[in-house]
2 protein chains.
Amino acid sequence: MTDEFERIARLRTRFEGAENTHVLVGIGDDAAVLASGTGNLVLSVDTAAEGVHFERHFAPWSVIGARAFSAALSDLAAMGATPRAALSSLIVPPAFPTAAFNELNVGLAEAARDYACPIIGGNLCAGQQLSLTTTVIGAVEGTGTLRSGARAGDLIYVTGALGSAALGLTLLQRSAAERGPAFVTRWQRPRARIDAGRQLLGIASAMIDISDGALQDLGHICEESGLAAELEAERLPLDPGMRELAVELGLDPFALALLGGEDYELLFTLPAASAPPPLGTCIGRMTDQPGPPRVLAADGRVLTLDGHGYRHFGG
Amino acid sequence: MTDEFERIARLRTRFEGAENTHVLVGIGDDAAVLASGTGNLVLSVDTAAEGVHFERHFAPWSVIGARAFSAALSDLAAMGATPRAALSSLIVPPAFPTAAFNELNVGLAEAARDYACPIIGGNLCAGQQLSLTTTVIGAVEGTGTLRSGARAGDLIYVTGALGSAALGLTLLQRSAAERGPAFVTRWQRPRARIDAGRQLLGIASAMIDISDGALQDLGHICEESGLAAELEAERLPLDPGMRELAVELGLDPFALALLGGEDYELLFTLPAASAPPPLGTCIGRMTDQPGPPRVLAADGRVLTLDGHGYRHFGG
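Residues numbered from 1 in each chain as written. Chains lettered and ligands numbered in written order. Predicted model: local features only at pLDDT ≥ 70, side-chain atom pairs only at ≥ 80, totals over all residues. Heavy atoms only, no water.

Here we come to the relation of the copies chain B and chain A. Note on the identical chains: chain B maps onto chain A by a rotation of 180° and an axial translation of 0.0 Å, with an RMSD of 0.0 Å. The operation mapping one copy onto its partner corresponds to a two-fold rotation axis. Judged by C-alpha distance, Ser36 of chain B is the residue of chain B that lies nearest the rotation axis, at 2.8 Å. In this assembly, 100% of the residues forming the interface of chain B have copies in chain A that are likewise at the interface, indicating an isologous arrangement. (Least-squares fit on C-alpha atoms with pLDDT ≥ 70 in both. Contact = heavy atoms within 4.5 Å.)

If you want it as structure tokens, here you go:
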């Protein structure tokens, strides 16, 4: 094991090359300094903990690092913000191999360059359970796209496809990755929808990223907007072969699409009278009927799904 | 145990009342929004983990929460920055009592109000080991006071007294708090030296906060400034009774003052020709002799201290 300060010195080198013009002081002082620039600042923090969000055999360490970074940035995407910088705070077991530690940080560094979002500071701490806590800072005009802006009658859209990451996670949990490598990749390598979020800024009336399951995340828009929602199951965008593989594995594809988390797609609403959005699939509409979001089958029946999206501490 | 979203809803209420005019969107959306305002932004993150930074019998939970917040803000003090906002990311064992969880957050909320530094977001995650990761955002003119600005011949100053927190921690570890309650308080209730840091902005040539031990933290200024340093042991500011109690307990008061961490005082340098600073005690000077900081006894001998400041992962 190498010493804390040696490690930090190496990280300082490792995280170089993603700097942008806003970074005035990066790693190496008591704090980092960022030019405030124009627009307002958007701030969010997300944790990925071993045994909770991932198992170490689910992906190479560099992929686990990059995945944690993307998951954190997904919250900036959901605001319509542009990433400016990140802070990486790691809790690392004393016996964690140095090679794995290095790989993890290679993944973080690659993701930082990929998103042009430099890691300008952080913290390193010994502890029982490996965790990556990533703080992200972005810039946005106004307040970005909030959860609270939906109106009754607004149409509900989603980017990309739903449930593929949850299917991939199930394959990993069952040690059956070879049955659907494309779905495993969807879980391992999510992409924060930064560009989509920026395109939808000023167009979407409300927006959220799908981290805990589409239905639960839509529930947050309902709650903050004081509304309910109705989804049509047959409209849910699924990746090719997703439905078939799910059924083969004895899983409900609609449950995966609606309750499975970690797609990191954007779910957003749009006034029905607006022009169609530049991207996304319409999956339902906001209503003013009281109660949680409902899902309608093709024949108009209300679907009953077993369970809800991911929640810490049960519930 | 209560559900994650119920907990977050309660925290949203609990953290109210510290808002400042810069907070445009607080807890409850994908991310918080802060007006960028004038000046540059200063960003830092710090973790307090149970079993590493504290034991649960060392202080009431509210004190542990407030302490973690102060420790994080101390890095802003060392830059000469003014706190603007914070994000609180907690990892909480599933069996952690709800009453303790509430108390911990009462402490965080009180500290946030106390420093006028609202908690505008965060993350809540179940995990094996309790940890509090606090991201702090401040504002500063220019780049603040860096570690790298010291020059050979500059005098070295420190605010407050050294080693009291380390003595208090030793009392707690030995279950002997009653022998020095004032020192225990110094460990339990550190105060981030925000006002001192602001007063010294533009005056100090380099500055750092003392979290890992004065000698080790001075070593960072030496390294970043490309210099060495010489301290005079007899000049070290000690709290009344500190030396006597340390000796009674079989401890070296100089080792406590120089190697003991968590005083969260500011250590800074000043050109020798400058007017005396508005606060602080002169304890030595920067030199251009190669090597680590040296400590001289009253008779001019170089003191040998057993050990070094706190380091994760040994070293």
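Residues and elements named next belong to chain B. Following both chains from N to C, one finds helix α1 (residues 4–14) and helix α3 (residues 98–114) inclined at 30°, their axes separated by 10 Å at the closest point. Viewed along their axes, α1 and α3 form a crossing whose handedness is right-handed. Residues Arg7, Leu11 and Arg14 of α1 touch α3, and the partners they reach there are Thr98, Phe101, Asn102, Asn105, Val106, Ala109 and Arg113. Split by residue class, the contact of α1 with α3 holds four nonpolar, three polar and three charged. (Axes fitted to C-alpha atoms, helices over the stretch in contact; angles between N-to-C directions. Helix = DSSP H or I, 4+ residues; strand = E, 2+ residues; numbered from the N terminus. Left-handed = near helix turned anticlockwise from the far one by under 90°. Nonpolar A, V, L, I, M, F, W, Y, C, P; charged D, E, K, R; others polar.)

This part covers the sheet that holds strand β5 (residues 119–126) of chain B. The pairing of strands in a sheet comes from backbone hydrogen bonds and takes either a parallel or an antiparallel form. The six strands are arranged β1(A)-β2(A)-β3(B)-β6(B)-β4(B)-β5(B) in an open sheet whose pairing can be described as mixed. Both outer strands of the open sheet, β1 (23–25) of chain A together with β5 of chain B, are each paired with one neighbouring strand and no more. Geometrically, the sheet is characterised by an average inter-axis angle of 25° between neighbouring strands, direction not taken into account. Relative to β5 of chain B, strand β4 (residues 82–92) of chain B runs parallel, the two sharing seven bridges. Bridge pairing links Ser88 of chain B to Gly122 of chain B in β5 of chain B. Lying on the sheet, α3 of chain B is in contact with β4, β5 and β6 (131–140) of chain B; it crosses β4 of chain B at an angle near 170°. (Pairing = 2+ DSSP bridges.)

With that settled, the discussion passes to the pattern of salt bridges. Here the structure, examined in full by the defined rule, presents 31 salt bridges over all chains. With its nearest N and O atoms 3.9 Å apart, the salt bridge here joins Asp29 of chain B to Arg147 of chain A. Taken together, the residues Asp29 of chain B in the loop between β1 (23–25) and β2 (32–34) and Arg147 of chain A in the loop between β6 (131–140) and β7 (155–158) connect one chain to another. Grouping residues by exposure puts Asp29 of chain B and Arg147 of chain A together as buried. Note that Glu265 of chain A is salt-bridged to Arg193 of chain A, the shortest N-O span being 2.8 Å. Separated by 72 residues along the polypeptide, Glu265 of chain A in the loop between α9 (253–259) and β10 (266–270) and Arg193 of chain A in the loop between α5 (181–188) and α6 (194–200) bring together distant segments of the chain. Counted as one network, the salt bridges with shared partners bring together Arg186, Arg193, Asp239 and Glu265 of chain A. (Salt bridge = Lys/Arg side-chain N within 4 Å of Asp/Glu carboxyl O. Buried < 20%, exposed > 50% of the residue type's maximum accessible area, 1.4 Å probe, protein only.)

Residue and element names in this part refer to chain A. One open sheet holds the six strands; their spatial order is β8-β10-β7-β11-β9-β12, and the pairing between them is mixed. Looking at the sheet topology across the chains shown, the edges are occupied by β8 (206–209) and β12 (294–296). Direction aside, the axes of adjacent strands within the sheet are offset by 25° on average. Bridging between strand β9 (residues 228–232) and strand β11 (residues 281–287) involves four bridges; their strand directions are antiparallel. In the sheet register, Ala229 faces β11, and the bridge partner there is Met286. Strands β7, β8, β9, β10, β11 and β12 of the sheet are contacted by helix α7 (residues 214–225), whose axis makes an angle of about 145° with β8.

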